[in-house]
Protein chains: 2
Amino acid sequence: MTVERRKFLKGAALAGAGAGIASPAIAQSAPEVKWRLTSSFPKSLDTLFGGAELFAKAVSDMTDGKFQIQCFAAGEIVPGPGALDAAQNGTVEIGHTALYYFWGKDPTFAFGSAVPFGLNSRQQSAWFYEGEGTKLFDEFLKSYNVSTLPAGNTGCQMGGWFRKEIKTVDDLKGLKFRIAGIAGAVMQKLGVVPQQIPGGDIYPALEKGTIDAAEWVGPYDDEKLGFNKVAPFYYYPGFWEGGTVLNYVFNLNKLNELPKTYQAVLRNASVMAYTHTQARYDVQNPQAIKRLVQAGTKLRPYSNEILEAALKASNEIYADLSAKNANFKKIHDSMMSFRNDEYLWWQVAEFGFDNFMVRNRSKL
Amino acid sequence: MTVERRKFLKGAALAGAGAGIASPAIAQSAPEVKWRLTSSFPKSLDTLFGGAELFAKAVSDMTDGKFQIQCFAAGEIVPGPGALDAAQNGTVEIGHTALYYFWGKDPTFAFGSAVPFGLNSRQQSAWFYEGEGTKLFDEFLKSYNVSTLPAGNTGCQMGGWFRKEIKTVDDLKGLKFRIAGIAGAVMQKLGVVPQQIPGGDIYPALEKGTIDAAEWVGPYDDEKLGFNKVAPFYYYPGFWEGGTVLNYVFNLNKLNELPKTYQAVLRNASVMAYTHTQARYDVQNPQAIKRLVQAGTKLRPYSNEILEAALKASNEIYADLSAKNANFKKIHDSMMSFRNDEYLWWQVAEFGFDNFMVRNRSKL
């Protein structure tokens with residue numbers, strides 16, 4: 001018996017200190033862990049579902065294959081909208097989703113992804129990573145037994161496909177528009193009849209004229225669903241999604257059981273997947289919009305009249321919901337005060353640079 | 001002797017397969033590694049130097065403290081501009097710098113950080129992470145015995161502090177402006193006399209009037225150096241730094257010796273530090289610009305006349321350098337063709353959203 005071993009066996013206070021010996025310590029800090037992730041997205045949306053695969057691969061690469069996360073597409077374990085519940089009740093360890101899908105449970109969820117006239121992509125990153133976003137969301141989500149980290153960002157989305165041109169608020173009256181969440185409520189105030197239709201059913205509804213318009217994501221994802229063939233007018237910007245965040249939700253018990261090392265691995269891998277997902281959109285969207293325009297899509301900006309009416313409607317809805325829901329008010333106030341400071345700064349260098357570059361594209 | 005051991009000793013082809021046995025494998029895949037990082041930045045620039053500290057902490061957290069990177073500020077091991085050489089010759093394993101500092105060795109280095117009328121911050125991320133940036137830079141840097149990863153981004157920088165207002169290209173003639181690199185060459189074409197002065201010497205030179213103007217970074221960093229007290233006019237945008245990338249340079253031999261697991265840890269930690277550094281700037285700059293304006297700083301946009309003349313001068317310099325330097329031409333062509341596609345897309349949703357938000361700040 002060596003001195004070290006004798007010391008260890010004699011010291012009652014050291015009962016749990018076996019971890020100090022080389023091989024058990026390694027075994028304990030790097031156990032074999034197998035987790036499952038269920039996504040709200042199908043495999044065909046490779047920037048969305050692909051972000052989760054990138055994340056899982058990074059976790060495996062950083063742990064020498066010891067921490068494996070198996071990614072399941074929507075419907076393989078639970079349907080797409082079941083991702084939050086599945087993480088909450090421990091069916092899986094991770095849900096991969098967009099939190100605004102759950103605004104029916106509580107409208108506060110909307111701030112997890114995007115709200116009308118909210119933050120742009122970089123501002124969302126700043127609010128979640130170095131502002132109050134993650135802390136406020138973890139507080140809010142505690143009662144759902146989950147913790148969250150950003151999983152990706154689509155950038156500013158488009159404002160939807162329309163069968164006919166719309167120029168004024170009057171042109172929106174009675175229009176059947178596939179649009180959900182707070183954005184749907186805003187559009188309703190402008191006279192639209194919001195429609196809730198799953199992604200796969202949009203194309204036939206638009207083709208038949210059962211609906212007049214539909215919004216999805218942006219050029220790269222929209223092109224895959226072929227909307228340009230049945231609705232020629234493609235409006236921008238998607239003012240209800242200035243920079244839509246995708247989210248991981250982790251079952252809290254499972255997360256807390258992980259070694260600290262693996263928790264750090266998850267955090268870092270998630271930021272990598274977030275940043276690479278935005279980068280993939282930024283690489284793919286320019287090519288997709290070129291193809292769409294070459295195939296006859298007509299790009300149209302929303303008129304100022306529509307944008308201003310939508311801003312007014314959004315602020316009314318925020319005031320109503322804030323009066324009724326303390327969670328909503330708390331996160332709303334944090335995000336909007338952050339937004340106001342951001343745009344105070346944005347108007348100077350960032351916007352000044354982009355503005356010159358956009359206006360002088362022909363001379364670049 | 002067990003069957004396994006006999007097989008192993010008999011199989012010449014398996015000579016290196018000892019790693020298949022459990023405990024040596026763990027020891028080999030998670031060895032104790034101590035690296036040193038030398039930064040081009042002082043500790044006082046907490047967003048810049050702090051990004052390296054964030055990176056080192058993440059690497060330690062993800063390896064249970066086994067992979068330690070000690071961060072040294074400029075001057076502690078080698079002076080700030082020595083970061084590349086120190087990584088190249090193995091004095092340290094990592095240099096933390098901005099590659100455009102080394103444009104005197106080869107102007108191609110400039111594309112590693114920022115060039116006049118180049119990419120904005122998100123476009124830089126996309127080019128490096130999902131475009132050709134990292135591959136092209138690793139090819140270029142091979143002869144310097146280093147490999148690179150983005151370490152952070154400052155966002156669009158400001159256009160400098162001026163003692164007097166400048167409205168036209170004529171107002172720039174003979175002006176002594178502290179500005180370096182390709183941006184200095186562009187300004188020289190516009191009549192400026194570029195000055196090379198270390199950060200710490202700018203304040204007294206501006207105060208005495210030895211120089212008429214100076215550019216540094218943006219509100220948060222500039223405020224620390226107190227330029228607002230000696231030069232009231234703060235111009236924007238810094239058209240030569242649309243989204244300046246900071247860089248890690250890794251000694252190639254040391255990087256290749258690392259277990260694959262640790263290489264993956266470095267990659268993921270670097271993306272985390274990159275994204276958090278940009279987020280920190282986005283959180284700090286709005287507060288800093290408020291304080292500067294409250295203290296009397298006068299914000300001024302560069303006039304279109306100046307911006308257009310600078311764009312023309314930049315394109316002439318790019319053509320000259322491309323004709324002389326194949327490395328420069330290769331990376332220039334990749335970045336600028338990427339930029340042109342990016343702004344084709346940017347003008348639609350991204351710019352449309354920011355444009356409305358900036359113009360309607362008072363109604364938000």
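Computed from a prediction, not measured in an experiment: that's the story for all the values here.

Novice: Teacher, can you tell me more about the overall build of chain A here?
Specialist: When its secondary structure is counted, chain A shows 15 helices and eleven strands. Structurally, chain A occupies a C-alpha span of about 90 × 45 × 40 Å along its principal axes. In chain A, buried positions account for 60% of the 364 residues. In chain A, of all internal contacts separated by at least 6 residues, the share reaching a separation of at least 24 is 78%. For chain A, the accessible surface area stands at approximately 14000 Å², while carbon and sulfur atoms represent 52% of it. Across chain A, 39 positive and 36 negative side-chain charges occur, with their mean positions spaced 3 Å apart.

Novice: Hey, could you run me through the relation of the copies chain B and chain A in this one?
Specialist: Expressed as a screw transformation, the operator carrying chain B onto chain A has a rotation angle of 180° and an axial translation of 0.0 Å, and the superposed copies differ by an RMSD of 0.0 Å. Both copies are brought into coincidence by an operation consistent with a two-fold rotation axis.

Novice: Where do I start with the interface of chain B and chain A in this structure?
Specialist: Buried accessible area, meaning the area lost when the parts come together, often serves as the stated size of an interface. Contacts between the two partners involve 79 residues from chain B and, on the opposite side, 79 residues from chain A. Between chain B and chain A the total buried area reaches about 7300 Å² when both faces are included, carbon and sulfur atoms providing 67% of it. On the surface where chain B and chain A come into contact, there are eight salt bridges. Close ionic contact of Asp341 of chain A with Lys290 of chain B constitutes a salt bridge, the shortest N to O distance being 2.8 Å. Inspection of the chain B/chain A interface yields 22 residue pairs in polar contact (both at pLDDT 80 or more). When residues in the side of chain B that touches chain A are grouped by element, the largest group, 19 residues, is from helix H12 (residues 260-294) of chain B. In terms of residue class, the side of chain B that touches chain A is made up of 38 nonpolar, 24 polar and 17 charged.

Novice: What's the story with helix H15 (residues 349-359) of chain A in this structure? I'm lost.
Specialist: Owing to its 3.6 residues per turn, the α-helix aligns residues three or four sequence positions apart on the same side. Of all eleven residues that make up H15 of chain A, nine are buried, and the element is covered over most of its length. Inspection of H15 of chain A places Ala349, Glu350, Phe351, Gly352, Phe353, Asp354, Phe356, Met357 and Val358 of chain A among the buried residues, and these make up the whole buried set. Looking at the buried residues of H15 of chain A, the elements they touch are helix H5 (121-129) and helix H14 (326-346) of chain A together with strand E9 (233-236), helix H13 (304-324), helix H14 (326-346) and helix H15 (349-359) of chain B.

Novice: Is there a simple way to explain the pairing of strand E3 (residues 94-97) of chain A in this structure?
Specialist: Across a regular strand the side chains alternate sides, sitting on one face of the sheet and then on the other. Residue and element names in this part refer to chain A. Side chains Ile94 and His96 project from E3 onto one buried face, and the interleaved Gly95 and Thr97 project onto a second face that is buried too. Inspection of the sheet shows strand E1 (residues 33-39) paired to E3 by three bridges, in the parallel sense. Pairing of Ser39 across the sheet is with His96, part of E3. Here E3 runs beside strand E10 (residues 245-251); their pairing, made up of four bridges, is antiparallel.

Novice: What is the right way to look at unusual backbone geometry in this model?
Specialist: Backbone phi values are negative for most residues with the exception of glycine, while trans is the configuration of most peptide bonds. Along the chain, Tyr236 of chain A connects to Pro237 of chain A via a cis peptide bond; the corresponding omega equals -10°. Residue placement: Pro237 of chain A occurs in the loop between strand E9 (233-236) and E10. With phi around 55°, Phe117 of chain B is a residue other than glycine that occupies positive phi space. Take Phe117 of chain B: it is sitting in the loop between strand E3 (94-97) and helix H5 (121-129). Residue classification places Phe117 of chain B among the buried positions, given a relative accessible area of 1%. Its identity is not glycine, yet Asn145 of chain B carries a phi of approximately 60°, on the positive side. Tracing the sequence through the fold places Asn145 of chain B in the loop between helix H6 (133-141) and strand E4 (146-153).

Novice: Teacher, can you tell me more about the sheet that holds strand E1 (residues 33-39) of chain B here?
Specialist: Hydrogen bonds along the backbone pair up the strands of a sheet, which may run parallel or antiparallel. All names here are of chain B. Strand order in the open sheet formed by five strands is E2-E1-E3-E10-E4, and the pairing between neighbours is mixed. For this open sheet the edge positions go to strand E2 (67-72) and E4, each flanked by a neighbour on one side alone. Going from strand to strand, the sheet's axes swing by 25° on average, the running direction of each strand aside. When E4 meets strand E10 (residues 245-251), the two strands line up antiparallel, connected through seven bridges. Looking at the pairing, Asn153 lines up with Val245 of E10.

Novice: Help me out: how do you make sense of the sheet that holds E1 of chain A in this one?
Specialist: Residues and elements named next belong to chain A. The sheet built from five strands is open, its strands ordered E2-E1-E3-E10-E4 with mixed pairing. The sheet terminates laterally at strand E2 (67-72) and strand E4 (146-153), the two strands that pair on one side only. Neighbour-to-neighbour, the strand axes of this sheet turn through a mean angle of 25°, independent of strand direction. Strands E1, E2, E3 and E10 of the sheet are contacted by helix H3 (residues 48-62), whose axis makes an angle of about 165° with E2.

Novice: Would you explain the side chain of Ser322 of chain A in this entry?
Specialist: By the element assignment, Ser322 of chain A lies in helix H13 (residues 304-324). Of note is the side chain of Ser322 of chain A, whose polar atom sits 2.8 Å from the backbone oxygen of Tyr318 of chain A.

Novice: Is there a simple way to explain the confidence of the model for chain A in this structure?
Specialist: Regions with low pLDDT carry predicted coordinates that are not meant to be interpreted in detail. All names here are of chain A. Looking at chain A as a whole, the pLDDT averages 93, with 92% of positions reaching at least 70. Within the model, pLDDT remains below 50 along residues 1-27, and this stretch shows eleven contacts once partners closer than five positions in the same chain are excluded. Interface confidence in the predicted complex, given as ipTM, is 0.92; pTM for the same model is 0.92.

Novice: Explain the packing of aromatic side chains here, please?
Specialist: To describe a pair of aromatic rings, you give the distance between the ring centres and the angle between the ring planes. Residue and element names in this part refer to chain B. Scanning the entire structure with this criterion turns up 55 aromatic pairs over all chains. Look at Phe162 and Tyr235: their rings are 5.1 Å apart centre to centre, the planes differ by 70°, and that puts the pair in the edge-to-face class. In this pair, Phe162 is assigned in strand E5 (residues 161-162) and Tyr235 in strand E9, connecting sequence segments 73 residues apart. Taking relative accessible area as the criterion, Phe162 reaches 0% and is therefore assigned buried. Taking relative accessible area as the criterion, Tyr235 reaches 1% and is therefore assigned buried. When the centroid spacing of 4.7 Å and the interplanar angle of 85° are considered together, the rings of Phe239 and Trp240 count as edge-to-face.

Novice: Mind showing me how you'd approach the pattern of salt bridges here?
Specialist: Between side chains of opposite charge, a pair can form as their charged atoms come close. The final tally for this structure, using the stated rule, is 36 salt bridges over all chains. Among the ionic pairs, Glu165 of chain B bridges to Arg300 of chain B, the shortest N-O distance being 2.7 Å. With a gap of 135 residues between them, Glu165 of chain B in the loop between E5 and helix H7 (169-172) and Arg300 of chain B in strand E11 (residues 298-301) connect regions that are remote in the sequence. What makes Arg300 of chain B partly exposed here is its relative accessible area of 24%. Salt bridges sharing partners connect three or more residues here, namely Arg122 and Glu350 of chain A together with Asp282 of chain B.

Novice: What's the story with the environment of Phe338 of chain A in this structure? I'm lost.
Specialist: In this fold, Phe338 of chain A is placed in helix H14. Looking at Phe338 of chain A, the relative accessible area reads 12%, which means it is buried. Expressed as a C-alpha distance, the spacing of Phe338 of chain A and Gly118 of chain A, which sit 220 residues apart in the sequence, is 9.7 Å. When neighbours within four sequence positions are excluded, Phe338 of chain A is seen to be in contact with Leu119, Gln123, Ala126 and Trp127 of chain A together with Val283 of chain B.

Novice: What's the story with the nonpolar core in this structure? I'm lost.
Specialist: As a rule of thumb, soluble globular proteins bury nonpolar side chains together. Ranked by internal contacts, the top residues of the largest apolar core, which has 245 residues, are Phe55 and Tyr302 of chain A together with Phe55 and Tyr302 of chain B. Per-element tally for this core: the top contributor is helix H12 (residues 260-294) of chain A, with 14 residues. Excluding residues that lie within four positions of it along the chain, Phe55 of chain A makes contacts with Leu37, Ile69, Ile94, Tyr248, Phe250, Leu266, Ala269, Ser270 and Ala273 of chain A.

Novice: Help me understand the packing of H12 of chain A against H14 of chain B in this model?
Specialist: Packing of H12 of chain A against H14 of chain B leaves a shortest axis separation of 9 Å and a crossing angle of 70°. When the interaxial angle is binned, H12 of chain A and H14 of chain B end up roughly perpendicular. H14 of chain B is crossed by H12 of chain A, and the crossing has left-handed handedness. On the side of H12 of chain A, the interface is formed by Asp282, Val283, Asn285, Pro286, Gln287, Ile289 and Lys290 of chain A, while H14 of chain B contributes Phe338, Asp341, Glu342, Leu344, Trp345 and Trp346 of chain B. Looking at the contact of H12 of chain A with H14 of chain B, its residues break down into seven nonpolar, two polar and four charged.

Analysis parameters
Residues numbered from 1 in each chain as written. Chains lettered and ligands numbered in written order. Predicted model: local features only at pLDDT ≥ 70, side-chain atom pairs only at ≥ 80, totals over all residues. Heavy atoms only, no water. Helix = DSSP H or I, 4+ residues; strand = E, 2+ residues; numbered from the N terminus. Buried < 20%, exposed > 50% of the residue type's maximum accessible area, 1.4 Å probe, protein only. Contact = heavy atoms within 4.5 Å. Areas by Shrake-Rupley, 256 points an atom, 1.4 Å probe, with all protein chains shown as cover. Lys, Arg positive; Asp, Glu negative; His and termini not counted. Charge placed at Lys NZ, Arg CZ, Asp CG, Glu CD. Least-squares fit on C-alpha atoms with pLDDT ≥ 70 in both. Buried area = accessible area lost by both parts, 1.4 Å probe. Salt bridge = Lys/Arg side-chain N within 4 Å of Asp/Glu carboxyl O. Polar contact = N/O pair within 3.5 Å; in protein donor to acceptor, adjacent residues only side chain to side chain. Nonpolar A, V, L, I, M, F, W, Y, C, P; charged D, E, K, R; others polar. Pairing = 2+ DSSP bridges. Axes fitted to C-alpha atoms, helices over the stretch in contact; angles between N-to-C directions. pLDDT = per-residue confidence, 0-100. Phe/Tyr/Trp six-rings, centres within 6.5 Å; stacked < 30°, edge-to-face > 60°. Core = buried A, V, L, I, M, F, W, Y, C linked by side-chain atoms within 4.5 Å. Parallel < 35°, antiparallel > 145°, perpendicular 65-115°, else oblique. Left-handed = near helix turned anticlockwise from the far one by under 90°.

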